[in-house]
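Take a look at the letters that make up each chain.
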Amino acid sequence: MHTWPNLLSSSPTGPGHPSHRMPEGPELHLASHFVNEACRELVFGGCVEKSPVSRNPEVPFESSAYHISALARGKELRLTLSPLPGAQPPRGPLALVFRFGMTGSFQLVPSDALPPHAHLRFYTAPPGPRLALCFVDIRRFGHWDLGGKWQPGRGPCVLLEYEQFRENVLRNLADKAFDRPICEALLDQRFFNGIGNYLRAEILYRLRIPPFEKARTVLEALQQRRPSPELTLSQKIRAKLQNPDLLELCHSVPKEVVQLGGKGYGPESTEEDFAAFQAWLRCYGTPGMSSLRDRHGRTIWFQTLQPHQQQYPAGGKSRKKKSKGAQRGSEDQVENPPSPNKAPSRTRRARRGLPEQTAAQQPEGTSLPRDPEAPCVPEKRKRRRQPATSGRRRPQKIKADTPSSEPEETSAS
């Protein structure tokens, strides 16, 4: 059985582990490589079969003989079904564009051993054992569209279209997206198509950039960066490799994930390949790093920096430290970051002779945007106390203080 291992569901550590991550640019690129390699010599035939529980559109395609090829761009993958000469009924090729959501992957399996949650199936034609190329999506956040057009508004791919990607970012720094912290801007697929949660953590960590520094402040300096005309081509290349800027790392860091190992994403995948990714991580989910949750339950990983650097957003939530019995492993045992800077209380202000802080002076919370594929976690609201129906007041029960429960972490894009 040939499979491209779904790095989100095949992890032996389970869904709570940092390596249980949402597919980002490298995973989509590897998925396209798997489809092209596994299906190169195969001939498919018949109708495309959709599971009855999927809400995605039917695929109106039928051919007695066709080939399948794939191409990835950022966080999308285009699958093209191309009829062979003489195939019946006569028809042109059909393309579909997939977005993997949180748990999407492709698998090639025997037709009589379909995996659970195989929501779209392409069957091989006889002779030979009948196989099925399946789009498997456990949580059903993945999506496919007919027609083959990339989703409007997504920018150039950080992996395959680096020059266009860089130009698109630097040309649009006046956009309000760059008013936000750099950690938020990196998830905006209009400019950083293919970057997700684990990649942004690794990129910012390598450059020691505070995650809540204003994006425009970080990127404006790159507009003035020009290599010296006196340098030779080899010297220019060496300078880029030794001192890459943020946009260069948005290209090179995803390439590192793709190049982790040839067999790591093919039929011989083992837990050792999984360990290779974990060993590659320097920041995301690693011991000693700090983390905060945003209001959608997503976790931002970063290194604690100098006190004068802006490293915490106002209103950010630190991850609660679990008891030893509830900890899943050493990878989860990270230090909780200190809570955001709090203004002194009214009493302490009076003691210190400080002026009262007005509502206009209160720091505003930073809200992080949701990636198009990520589900929204509803915010909890306080219950309004119902008025008593009788004249007698009901005695209030006094409860011990307990930590508030936070939503389960969702993977990033």
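Data block above holds the structure.
Owing to the predicted nature of the structure, the values given are computational and were not obtained by experimental measurement.

Novice: Would you explain helix α4 (residues 197-207) in this entry?
Specialist: Every α-helix winds through 3.6 residues per turn, so residues three or four apart in the chain are directed the same way. In terms of residue burial, α4 counts as a mostly covered element, since ten of its eleven residues are buried. Restricting attention to buried positions, one finds in α4 the residues N197, Y198, L199, R200, A201, E202, I203, L204, Y205 and R206. Looking one or two places after α4, you find R208, whose phi comes out positive at around 55 degrees.

Novice: Got a minute to help me understand the sheet that holds strand β4 (residues 62-73) in this structure?
Specialist: Strand pairing in a sheet relies on backbone hydrogen bonds. The paired strands run either parallel or antiparallel. Sheet architecture is open: five strands sit in the order β2-β4-β5-β6-β10, paired in antiparallel fashion. Strands at the two margins of the open sheet, each flanked by one partner only, are β2 (44-47) and β10 (143-146). Between one strand and the next, the sheet's axes are offset by a mean angle of 35 degrees, whatever the strand orientation. The pairing of β4 with strand β5 (residues 76-83) spans eight bridges and is classified as antiparallel. Looking at the pairing, H67 lines up with S82 of β5. Each of β2, β4 and β5 touches helix α1 (residues 25-39); the most contacted strand, β4, lies at about 150 degrees to it.

Novice: Is there a simple way to think about helix α5 (residues 215-223) in this case?
Specialist: Where α5 is concerned, the buried positions are A215, R216, V218, L219 and L222. Down the axis of α5, the sector holding all buried residues measures 160 degrees, keeping them to one side.

Novice: Hey, could you run me through the nonpolar core in this one?
Specialist: A general tendency of soluble globular proteins is for nonpolar side chains to be buried together. Core analysis: the biggest nonpolar cluster contains 43 residues, and V169, F178, I182, F192, L219, L246 and L247 have the highest contact counts within it. Going through the elements one at a time, α2 (162-171), α3 (182-185), α4, α5, α7 (246-258), α8 (271-280) and β12 (299-302) are the ones with two or more residues in this core. Every residue in contact with L247, bar those within four places of it in the chain, is listed here: Y162, F165, R166, V169, L170, F192, L219 and L222.

Novice: Help me understand the packing of aromatic side chains in this model?
Specialist: For any pair of aromatic rings, the description consists of the separation of the ring centres together with the inter-plane angle of the planes. Under the defined criterion, the tally for this structure stands at 18 aromatic pairs. Relative to F192, the ring of F165 lies with its centre 5.7 Å away and its plane at 70 degrees, an arrangement referred to as edge-to-face. Of this pair, F165 sits in helix α2 while F192 sits in the loop between α3 and α4, and the two are 27 residues apart along the sequence. Exposure remark for F165: the relative accessible area of 0% places this residue in the buried category.

Novice: Where do I start with empty space enclosed by the protein in this structure?
Specialist: A probe matching the size of a water molecule, rolled over the atoms, marks out where space remains unfilled. Taken as a whole and judged by the stated rule, the model has three cavities of 30 Å³ or more. Estimated volume of the largest cavity: approximately 70 Å³. Along its surface, the largest cavity is lined by eleven residues, and L204, Y205, I209, F302 and Q303 are the ones closest to its centre. Elements supplying a minimum of two residues to the lining of the largest cavity: α4 and β12. Among the elements that line the lining of the largest cavity, the one with the most residues is α4, at three residues. Residue classes in the lining of the largest cavity are distributed as nine nonpolar, one polar and one charged.

Novice: So what exactly am I meant to see when it comes to the packing of α2 against α7 here?
Specialist: Packed helix pairs are specified by the crossing angle of their axes together with the interaxial distance, meaning the distance between the axes. Running from N to C, α2 and α7 point in directions that differ by 145 degrees, and their axes come no closer than 10 Å. The two elements α2 and α7 meet at a crossing, and its hand is right-handed. Contacts from Y162, F165, R166, V169 and L170 of α2 reach α7 at L247, E248, C250 and H251. Here the contact of α2 with α7 is composed, by residue class, of six nonpolar, one polar and two charged.

Novice: Would you take a moment to explain unusual backbone geometry for this structure?
Specialist: Across residues other than glycine, the phi torsion is negative in most instances, and most of the peptide bonds are trans. The amide bond that connects Q88 to the next residue, P89, takes the cis arrangement and shows omega of -10 degrees. Position of P89 among the secondary structure elements: in the loop between β5 and β6 (94-99). At the junction of P126 and P127, the peptide bond is cis and its omega measures out at 0 degrees in the coordinates. Relative to the elements of secondary structure, P127 occurs in the loop between β8 (118-123) and β9 (131-137). In the Ramachandran plot, H117 falls in the positive-phi region, its phi being about 65 degrees despite a non-glycine side chain. If you trace the backbone, H117 turns up in the loop between β7 (104-110) and β8. One non-glycine residue, R140, adopts positive backbone phi at about 60 degrees.

Novice: I'm lost on the side chain of R206 in this one. Help?
Specialist: The residue R206 is located in helix α4 in this model. Reaching out from R206, the side chain makes a polar contact with the side chain of E256 at a distance of 2.8 Å. Those residues within four positions of R206 in sequence are excluded, and the remaining contacts are L249, V253, E256, W280 and R282.

Novice: What is the right way to read the pattern of salt bridges from this model?
Specialist: A side chain of one charge can pair with a side chain of the opposite charge if their charged atoms are brought near each other. Under the criterion given, the structure shown has 13 salt bridges. Residue E161 is joined to R73 by a salt bridge in which the shortest nitrogen-to-oxygen separation is 3.2 Å. Taken together, the residues span a long stretch of sequence, with E161 in the loop between β10 and α2 and R73 in strand β4 at a distance of 88 residues. Of the residues examined, E161 reaches a relative accessible area of 21% and is grouped as partly exposed. Of the residues examined, R73 reaches a relative accessible area of 15% and is grouped as buried. Close ionic contact of D245 with R166 constitutes a salt bridge, the shortest N to O distance being 2.7 Å. Here D245 is found in the loop between α6 (233-242) and α7, whereas its partner R166 is found in helix α2, with 79 residues between them in sequence. Side by side, D245 and R166 carry an identical accessibility label, which is buried. A cluster of three or more residues bridged by salt bridges with shared partners is formed by E76, R99, D145 and R154.

So, how was this worked out
Residues numbered from 1 in each chain as written. Predicted model: local features only at pLDDT ≥ 70, side-chain atom pairs only at ≥ 80, totals over all residues. Heavy atoms only, no water. Buried < 20%, exposed > 50% of the residue type's maximum accessible area, 1.4 Å probe, protein only. Helix = DSSP H or I, 4+ residues; strand = E, 2+ residues; numbered from the N terminus. Pairing = 2+ DSSP bridges. Axes fitted to C-alpha atoms, helices over the stretch in contact; angles between N-to-C directions. Contact = heavy atoms within 4.5 Å. Arc of directions from axis to C-beta. Core = buried A, V, L, I, M, F, W, Y, C linked by side-chain atoms within 4.5 Å. Phe/Tyr/Trp six-rings, centres within 6.5 Å; stacked < 30°, edge-to-face > 60°. 1 Å grid on protein atoms, 1.4 Å probe; cavity = no way out; pocket = protein on both sides within 12 Å on 5 of 7 lines; lining within 4 Å. Points joined across faces, edges and corners; volume = space filled by probe spheres on them. Nonpolar A, V, L, I, M, F, W, Y, C, P; charged D, E, K, R; others polar. Left-handed = near helix turned anticlockwise from the far one by under 90°. Polar contact = N/O pair within 3.5 Å; in protein donor to acceptor, adjacent residues only side chain to side chain. Salt bridge = Lys/Arg side-chain N within 4 Å of Asp/Glu carboxyl O.

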